[in-house]
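Results of the structural survey
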Amino acid sequence: MSGCSKRCRLGFVKFAQTIFKLITGTLSKDKIEDELEMTMVCHRPEGLEQLEAQTNFTKRELQVLYRGFKNECPSGVVNEETFKQIYAQFFPHGDASTYAHYLFNAFDTTQTGSVKFEDFVSALSILLRGTVHEKLRWTFNLYDINKDGYINKEEMMDIVKAIYDMMGKYTYPVLKEDTPRQHVDVFFQKMDKNKDGIVTLDEFLESCQEDDNIMKSLQLFQNVM
């Protein structure tokens, strides 16, 4: 195995750790430089100035993410299988594959079966540092599995069940088997304002912003995004 290949394999682990630190807020500004130096790379970042202007990340943060991304994906894109492997590292007690599938589809805005660094970091910027409205629009797109502009109860059930599967059997307190269905029933009843069996973007935005319980639940779920 070449030296570059070894560094890329090690970069896979470092990439996952870096994303986790960004999500949990433990990658503080005074440690970004250390993370940058520790990340083993095979490629130099290019064109980050434009991404810095388009996202809520600093140039240093983008360098950390870019180097890790290129370590694991020298071609400049990540496929679904690699994405699932990265995501599964954070949920060893559950099955993250289904939720990672839905999440990947939300990142893959062009539906090409692969995600470029620009797509990845733009979505990550919204999830971590976007406005409430931006986060809610992105979340709606995640729940709208078939991308028809609406969320039905089955789609919401699929996403919520995938989240519970990912959290695993060691979730505390222990969840009952019908908990996902109960959760969806409550959410959908509040969101489906005109009771037509579907939730529009406007209904979703209005419901989330006027109901503290819904907003708190979505914020909890955003922690695993």
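Fair warning: this is a prediction, and the values are worked out from it, not measured in the lab. (Residues numbered from 1 in each chain as written. Predicted model: local features only at pLDDT ≥ 70, side-chain atom pairs only at ≥ 80, totals over all residues. Heavy atoms only, no water.)

1. With respect to the UniProt feature "domain: EF-hand" (unreviewed entry) in the chain
UniProt tags residues 95–130, 131–166 and 179–214 as "domain: EF-hand" (unreviewed entry). Taken end to end, residues 131–166 comprises 72% helix and 6% strand; its first and last C-alpha atoms sit 26 Å apart. Secondary structure across residues 179–214 comprises 72% helix and 6% strand; the distance between its end C-alpha atoms is 16 Å. (UniProt positions renumbered as here; feature names shortened; annotations may be inferred. Helix = DSSP H or I, 4+ residues; strand = E, 2+ residues; numbered from the N terminus.)

2. Considerations on helix α4 (residues 59–72)
Working note: α-helix, 3.6 residues per turn, so residues spaced by three or four point in the same direction. With 14 residues, α4 should reach 20 Å at 1.5 Å per residue; the first-to-last C-alpha distance of 20 Å fits that figure. The buried fraction of α4 amounts to ten of the 14 residues, a majority that puts the element mostly inside the structure. (Expected span 1.5 Å × (residues − 1). Buried < 20%, exposed > 50% of the residue type's maximum accessible area, 1.4 Å probe, protein only.)

3. Quick look at the nonpolar core
Tyr99, Phe107 and Met156 are the most contacted members of the largest nonpolar core, which has 51 residues in total. Once residues lying within four places of it in the same chain are set aside, the contact partners of Met156 are Tyr143, Ile151, Val184, Phe187, Phe188 and Met191. (Core = buried A, V, L, I, M, F, W, Y, C linked by side-chain atoms within 4.5 Å. Contact = heavy atoms within 4.5 Å.)

4. Concerning helix α5 (residues 80–88)
Residues of α5 that are buried: Thr82, Phe83, Ile86 and Tyr87. Buried residues of α5 fall within an arc of 135 degrees about the axis and therefore sit on the same side. The residue sitting at the N-terminus of α5 and contributing the capping side-chain oxygen is Asn79; that oxygen lies 3.3 Å from the backbone nitrogen of Glu81. (Arc of directions from axis to C-beta. Polar contact = N/O pair within 3.5 Å; in protein donor to acceptor, adjacent residues only side chain to side chain.)

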